Every structure is written in C-alpha cells, then in structure tokens.
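Survey of secondary and tertiary structure
The chain contents come next:
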Amino acid sequence: MTYAQAVADGIWAAGATRVGYIPSVTVAPVINALVAYDGGTNGVSPRVTPLSREEEAVGVMGAVAFTGGLGTVVMQDNGFGNALTALTTFTLSYHLPLLVFANTRGGLGEYNSMIHSISQPVPALLRAVGLPVIELDRTSGPEDWHDTVQEAGRHAVMTYRPVVVLGSFWNTDGKVA
C-alpha cells in the first residue's frame, strides 16, 4: 500500500461522508485513490468534489456536519493562508467536525524555495488558533498513516471540531505523493 492509498483508505475508514479537494499535483495520488474507491473517474465521484479555494472547501465540507455526516478537505498546507478565517470562525467556533488532510511543503527535499515562507510556520499557526494538528512523515509507515488519519476523523466527530493531519510525502514512496 502506498502512503497516498493509506491516506485515502483512512479517510473512508473514518466515516467521511463527503470529500472536497483543492486540485494540486502533490495531492493528486490521494485524490485519485479517493475517487477510485468511490467509483468515479477524472477527479470526481459521487462523494468526492473538486473545489476552487480552500476557504470554500472548509465552508462546503464543514456544512456536511449539519446533515449528520463528516466532511473532509484534502489540500496543500500552503492553502491554510486562505482557509484560516473559515476554519476559526465557522468550523471551530460552531463546533463542527471536519477532517483536513494537507500535504506539507517546505521540508526536506523541497525544490521550491519560496514555499518555505508559508509552509514552515503552518503547524505552529494552526495550534496557536486552537486547531488540533497531527504531523506524519517518512518515519511512520503507510499503515500508521492510515490509522492516524482514521483516528483523526473519529476524533473530529467525537470532539465536534476540526482536526488537521499534516502529511509530508517527501521520501516516502520515492515520489512527492
């Protein structure tokens, strides 16, 4: 099992009802696995939807809680600059469960030198506003990634709040994701 497949399987195992994602080459393997599991093709399926911006994804997927389900957002960590207001004033303030999986950028092996300025402070920034953050990297195998993503989703439902899982795919399967 690849790390991307482990993340996708963990999202479904957590009980995700809907998944919204911001298209990106770095999370494409996760999206492809989510869509394939759900019987779709070309980036869409009955429960997986591309969205244009991170704050839109937080709003749409956060509202899934009003139907009794668990919404999930898949994105890159540099998108938290766009998502922060929606995360804090909507999902966190209104106690809405939401699972967010974000591929981290800016760590070891990062080729894009400008990405460090936003990605490096993301974990501390999210914690500073009260969001639970779990970080995964190459020191854990795919099975642990699956279990951690699944547990994070269940924790979001149990605590009625968003939970963020940051996953660094660098040097895992030999690919970015």
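What counts, and at which threshold
- Residues numbered from 1 in each chain as written.
- Predicted model: local features only at pLDDT ≥ 70, side-chain atom pairs only at ≥ 80, totals over all residues.
- Heavy atoms only, no water.
- Pairing = 2+ DSSP bridges.
- Helix = DSSP H or I, 4+ residues; strand = E, 2+ residues; numbered from the N terminus.
- Axes fitted to C-alpha atoms, helices over the stretch in contact; angles between N-to-C directions.
- Contact = heavy atoms within 4.5 Å.
- Buried < 20%, exposed > 50% of the residue type's maximum accessible area, 1.4 Å probe, protein only.
- Polar contact = N/O pair within 3.5 Å; in protein donor to acceptor, adjacent residues only side chain to side chain.
- Parallel < 35°, antiparallel > 145°, perpendicular 65-115°, else oblique.
- Left-handed = near helix turned anticlockwise from the far one by under 90°.

The strands making up a sheet associate through backbone hydrogen bonding, with each pair oriented either parallel or antiparallel. Pairing within the open sheet is parallel, and its six strands lie in the order S2-S1-S3-S4-S6-S5. In this open sheet, the two strands that pair with only one neighbour each are strand S2 (48-50) and strand S5 (133-136). Along the sheet, successive strands turn relative to each other by an average axial angle of 20°, direction set aside. Pairing geometry for S5 and strand S6 (residues 162-167), over four bridges, is parallel. Among the inter-strand pairings, Glu-135 is bridged to a residue of S6, identified as Leu-166. The strands touched by helix H1 (residues 3-13) within the sheet are strand S1 (16-21), S2, strand S3 (70-76) and strand S4 (98-103), with S1 carrying the most contacts at an inclination of about 135°.

With that settled, consider the side chain of Arg-105. Take Arg-105: it is sitting in the loop between S4 and helix H5 (116-119). In this structure Arg-105 comes out as buried when scored by relative accessible area, which is 8%. Looking at Arg-105, its side chain comes within polar contact range of the side chain of Gln-76, at 3.0 Å.

Turning next to the packing of H1 against helix H2 (residues 28-37). Packing of H1 against H2 leaves a shortest axis separation of 8 Å and a crossing angle of 50°. With respect to H2, the axis of H1 lies oblique. Like other packed secondary-structure pairs, H1 and H2 cross with a definite hand, here right-handed. In this structure, H1 contributes Ala-4, Gln-5, Val-7, Ala-8, Ile-11 and Trp-12 to the contact, and H2 contributes Pro-29, Val-30, Ala-33, Leu-34 and Tyr-37.

This part covers the side chain of Ser-119. Relative to the elements of secondary structure, Ser-119 occurs in helix H5. At 3.0 Å, the side chain of Ser-119 and the side chain of Asp-77 are in polar contact. Dropping the residues within four chain positions of it, Ser-119 is found in contact with Asp-77, Asn-78, Arg-105 and Gly-106.

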